[in-house]
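Coordinates in review
What follows is each chain in one-letter form.
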Amino acid sequence: HATLREIRKTPEGILTAQKAFEDFLTHHDFRLPREIVYTGCGSSHFLSQPLAMATTRLGGRGFSAPCSELLYSREWYPIGNPELLVAISRSGETTEAIKALDALNVPRFALTAYESGLSRKSDYALIVPAHEESVVMTHSFTAFYFAFLQLLLHSYGRETYDAELVSSLTKEVLGSEEYIREIVNGFDFRNVIFLGSGILYPVALEAMLKMKEMALFWSEAYPTFEVRHGFKSIADDGTLVVLLVDEPFEWHEKLTEEFQGQKARVLTVGRHDAGADYFIEVPELGPPANVVLYLPVIQLLAYYKAVERGLNPDRPRFLSKVVKW
Ligand code: F1P
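Conventions adopted
- Residues numbered from 1 in each chain as written.
- Predicted model: local features only at pLDDT ≥ 70, side-chain atom pairs only at ≥ 80, totals over all residues.
- Heavy atoms only, no water.
- Helix = DSSP H or I, 4+ residues; strand = E, 2+ residues; numbered from the N terminus.
- Buried < 20%, exposed > 50% of the residue type's maximum accessible area, 1.4 Å probe, protein only.
- Pairing = 2+ DSSP bridges.
- Axes fitted to C-alpha atoms, helices over the stretch in contact; angles between N-to-C directions.
- Contact = heavy atoms within 4.5 Å.
- Parallel < 35°, antiparallel > 145°, perpendicular 65-115°, else oblique.
- Left-handed = near helix turned anticlockwise from the far one by under 90°.

**A closer look at the side chain of Ser-155**
Counting through the fold element by element, Ser-155 comes out in helix H7 (residues 139-155). Ser-155 gets classed as buried once you look at its relative accessible area, which sits at 11%.

Below is the structure:
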C-alpha cells in the first residue's frame, strides 16, 4: 500500500523538511512574530495545535482553530491581536483553508506541500515537498511539523535541531513496525482510546482521526487524566488504551492499573512502560520535537488495524484527498 510506503518515508521527510526550512531562510529575511494564529482542516488542523503549543512554549503565544471556525465563528474565540496567520494545507487547495486566509486582517503565511492556491494568496510560504499518493496525511504531517518548528526556533533565537539526528531517531521508532503488527493481530480490540497530555494531546487527536480515516474504526482521544472523569466507562476487555507519554510518573501507573482492572489493555508509547501490557520505547528527544517520534507509531497502528479489517487504507470510503465546496 502507498500509505505504508509513506509512513516509512518519515526519516526522508525530516530531511526534506530541513531542506525546505533552509531554502526558506535563503530566500527570506523573515522572523516569525510572537503572536501567531494557526489554522487548517482535518489533519492539518490537528497539526495547527502542536504548532500553536510549541509557539507558546517557546515564549510566544500560539492559538489554533479549524478554518471553518475562524471563518464563521471567530467571535467566540480568544484570538487577540495576532501578528501572523499561518494556514496549513497539504494540497494547498482546500477551499476553507484558502478562504480562511481572509479571516483576519494580518500578514498571511502558508505551510503546504505545493505551489498552490494557498501559497499564491499568502505573503510568505514554506513549501515542504513531502508529497503523498495516499488520501490521508502521514509523513507529510511529520515533515511539516519539523520544518515549521525549525523556523520557530530560528526566529526566536533558539538552537535548531540536528535534522540528521532526528531523522535517524524516527528510523529507530519505525523499527517497531513488526511489533505493532503483532499487537493488532494478537488483540482484536473493538475500540481504542488515545491519551496524551500537553503537546502529546494533539498527537492523540491525530491518532483518533487516523483510526477513523484509515481503518473506519471507532476511536477517541482525551487529555490523559481527563479520561477518568466519566469517559473511562467505555473501556472493557475489548478496549485498547494507547498512552502517549514522554516521562511517565506515578499517576500513569495508577491509570494503567485502573484500566487493567476494567480488563482493558494498555499500550504505552514513551520513555518507560508504566506497567502497561504493551510497550513501544521512544528515544529521548524531549518536547516539542518529540512529537515526530510518536506520529509514525500511531500511523502504523491505524494502518495495521485497517489491513486487519480487510480495508484498503489508501482509499478510505467517503473521503477525498482535497475537500472543496
Ligand atoms: C485536509 C484534509 C486531510 C484529510 C482528508 C481531507 O487536507 O482534511 O487532512 O486527510 O483527506 O482533507 P489539506 O488541506 O491538508 O490538503
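**So, the sheet that holds strand S1 (residues 35-40)**
In spatial order, the strands read S2-S1-S3-S4-S5; together these five strands make up an open sheet with parallel pairing. A strand with exactly one partner marks an edge of an open sheet, and here the two such strands are strand S2 (61-66) and strand S5 (124-127). Neighbour to neighbour, the strand axes of the sheet diverge by 20° on average, direction disregarded. Across the sheet, H7 lies against S1, strand S3 (84-89), strand S4 (108-112) and S5, angled at about 140° from S4, the strand it touches most.

**Thoughts on the packing of helix H2 (residues 10-27) against helix H8 (residues 163-174)**
Following both chains from N to C, one finds H2 and H8 inclined at 165°, their axes separated by 8 Å at the closest point. Between H2 and H8, the interaxial angle falls into the category roughly antiparallel. Judged by the sense of rotation from one axis to the other, the crossing of H2 with H8 is right-handed. From H2, Thr-10, Pro-11, Ile-14, Leu-15 and Gln-18 reach across to H8, where they touch Ala-163, Glu-164, Val-166, Ser-167, Thr-170, Lys-171 and Leu-174.

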